[in-house]
Amino acid sequence: MSIERISPAEAVRRQRSGAVLIDVRETHEHACGHAADALCIARATLEAEPQATLPDRDADVLLICQLGGRSLRAAEALAVAGYTRLASVEGGFDRWISEGLPTVQPERTDASVEPDFYDRYSRHLRLPEVGEAGQRKLRGARVAMVGAGGLGSPAAFYLAAAGVGTLVLADDDIVDRSNLQRQILHTEARIGMSKVASARVALAALNPQVNVELFEQRITTDNVEQLLDGADVVLDGADNFPVRYLLNDACVKLGKPLVYGAVHRFNGQVSVFDAGRQRGDAPCYRCLFPEPPPPEAAPNCSESGVLGVLPGVIGLLQATEVIKLILGLGVPLTGRLLRFDALAMRFRETRLSADPECAICAAGREFPGYIDYQQLCAG
């Protein structure tokens, strides 16, 4: 049987003449709205028990999805089941909207949902792995970010865009013209402003629903736990070893996952250190680097330079890992170090193991306390 394909306008005309319009998208897609007077029944449910919805096999049945493909396949399945008057709406709900035809937004029972929630995050809501429950989880999350520079810029932009509810930005530096080649949170007009204040301006313009808290202090043993208090995930965008080691130790002590990133000239690397929650199984930063390299072996960007786009690549990978950790999706980079060579455009992965003798994260070992990290990294 050949399935009739009709326009959205024709579907409306036939609805008015008594045809049944069925939206066969998934429940999380219906949350973003649907055609007026359509029955919302997921394709798999409809195909499994069509008679529960359509007892009359000779009824005029119109099927719609997002673009037209699923509705056509659903119509074909119904034809096999004996239905005789079937049509699929070409272009689906996207075309329906573009032609200005009537739609319905489901009633929102949660008064705390912002008016733009379903519009802003519609592409997340269409992902069954995220959906409304996942988006609410992102909205309730708190991420502590150290550094509002090269790595923090792309990471903060995408975490704010994704709807992470609270970003705590820690940086005690100010915007300098030399930052603008790679630190895309900042602009020429905000040179001289504190980086965290500049970042809040940029993030508020992108997504005013995100709460951006400023931590305009140098990270020390005295305030690191204040910074991490309540954080679900910690993102390391620091540019110096004393802060990296301090963050690692604090995250192990407090049981926080640490998303690590670093860049140097044309190379970058990223990993997830989650030893605080997975003692003996997951490594920490010290398992990879028990001791910092001598200062002359690890110059910073101001000394050795960095390709401007490189922090963008690494920062986006960090943001991806943060979102995965919040949502519990996929396989995080725990126990893996991902290296990126921009000149060769090549990624390489190195497996990392927990060091059973690690001074910080070895299973059963008490936290030894914070140390003088400046002295540690001075050699």
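This text gives an overview of the structure that appears in the document. None of the values given here were measured: they were computed from a predicted structure.

Attention now goes to the sheet that holds strand S13 (residues 267-273). The strand order S10-S9-S8-S11-S12-S13-S14-S15 describes an open sheet built from 8 strands, whose pairing is mixed. Every other strand in the sheet has two partners, leaving strand S10 (211-215) and strand S15 (346-351) as the edge strands with one partner each. Across the sheet, the axes of successive neighbouring strands diverge by a mean angle of 15 degrees, strand direction being ignored. Strand direction decides the pairing type here: strand S8 (residues 142-146) and strand S9 (residues 166-170), joined by 5 bridges, are parallel. Of the residues in S9, the one forming a bridge with Arg142 is Thr166. Taken strand by strand, helix H10 (residues 152-162) contacts S8, S9 and strand S11 (233-236), and its axis lies near 165 degrees from that of S8. Across the sheet, helix H13 (residues 241-254) is in contact with S8, S11 and strand S12 (258-264); its angle to S12 comes to roughly 165 degrees.

Within the structure shown, the criterion is met by 21 salt bridges. Note that Arg120 is salt-bridged to Asp116, the shortest N-O span being 2.8 Å. Taking the relative accessible area as the measure of exposure, Arg120 reaches 32% and is therefore partly exposed. On the basis of relative accessibility, which here comes to 19%, the residue Asp116 falls in the buried class. One salt bridge in this structure joins Glu225 and Lys253, with 2.7 Å as the shortest N-O distance.

Sheet strands pair by backbone hydrogen bonding; their relative direction is either parallel or antiparallel. Strands sit in the order S1-S6-S5-S2-S4 across an open sheet of 5 strands; the sheet is parallel. The open sheet has two free edges, formed respectively by strand S1 (4-6) and strand S4 (39-40), since each of these has just one partner strand. Running at roughly 100 degrees to S1, helix H1 (residues 8-16) makes contact with S1, strand S2 (20-23), strand S5 (60-64) and strand S6 (85-89) of the sheet.

Among the 5 residues that make up S8, 4 are buried, leaving the element largely enclosed by the rest of the structure. At this point the chain moves from S8, through H10, to the parallel S9, and the crossover so formed is right-handed. In this structure, S8 lies alongside S11, joined through 4 bridges in parallel fashion. The residue of S11 that forms the bridge with Met145 is Leu235.

Membership of the largest hydrophobic core comes to 39 residues, with the highest contact counts inside it found for Met145, Leu159 and Leu167. Broken down by secondary-structure element, the contributors of at least two residues to this core are S8, H10, S9, helix H11 (195-206), S11, S13, helix H16 (310-327) and strand S14 (336-341). Looking at which element gives the most residues to this core, the answer is H16, with 8 residues. Residues within four places of Leu167 in sequence aside, it is in contact with Val143, Met145, Ala156, Leu159, Ala160, Leu203, Val210, Asn211, Val212 and Glu213. Ranked by size, the runner-up nonpolar core spans 27 residues in total, among them Val146, Ala170, Phe215 and Val234.

Our next topic: unusual backbone geometry. Its identity as a non-glycine residue notwithstanding, Asp37 has a phi of 65 degrees, on the positive side. Positionally, Asp37 belongs in the loop between strand S3 (34-35) and S4. The backbone phi angle of Met345 is positive, close to 50 degrees, even though this residue is not glycine. Topologically, Met345 is positioned in the loop between S14 and S15.

Reading guide: rules and limits
Sequence order as written defines the numbering, with residues in each chain counted from 1. Confidence filtering applies because this is a predicted model: local features only for residues at pLDDT of at least 70, side-chain atom pairs given and counted only at 80 or more, and all residues used for totals across whole chains, interfaces and linings. Water and hydrogen atoms play no part in the side-chain values, which are based on all heavy atoms of the structure. DSSP-based pairing: two strands are paired if at least 2 bridges between them are found. Numbering goes from the N terminus for both helices and strands, where a helix is a DSSP run of H or I of at least four residues and a strand is a run of E of at least two. Note on method: axes are straight lines fitted to C-alpha atoms, helices fitted across the in-contact stretch only, with angles between N-to-C directions ranging 0 to 180 degrees. Contact definition: two residues touch when any of their heavy atoms are within 4.5 Å. Salt bridges, as used here, are contacts in which a Lys or Arg side-chain nitrogen is within 4 Å of a carboxyl oxygen on Asp or Glu. Each residue is placed in one exposure class: buried if its accessible area under a 1.4 Å probe, protein chains only, is under 20% of its type's maximum, exposed if it is over 50%, and partly exposed if it falls in between. Clockwise travel from the first strand over the helix to the second, with the strands pointing away from the viewer, marks a crossover as right-handed. Side-chain atoms within 4.5 Å are what join buried Ala, Val, Leu, Ile, Met, Phe, Trp, Tyr and Cys residues into a set we call a nonpolar core.

Purely geometric stuff here, so don't read any function into it on its own.
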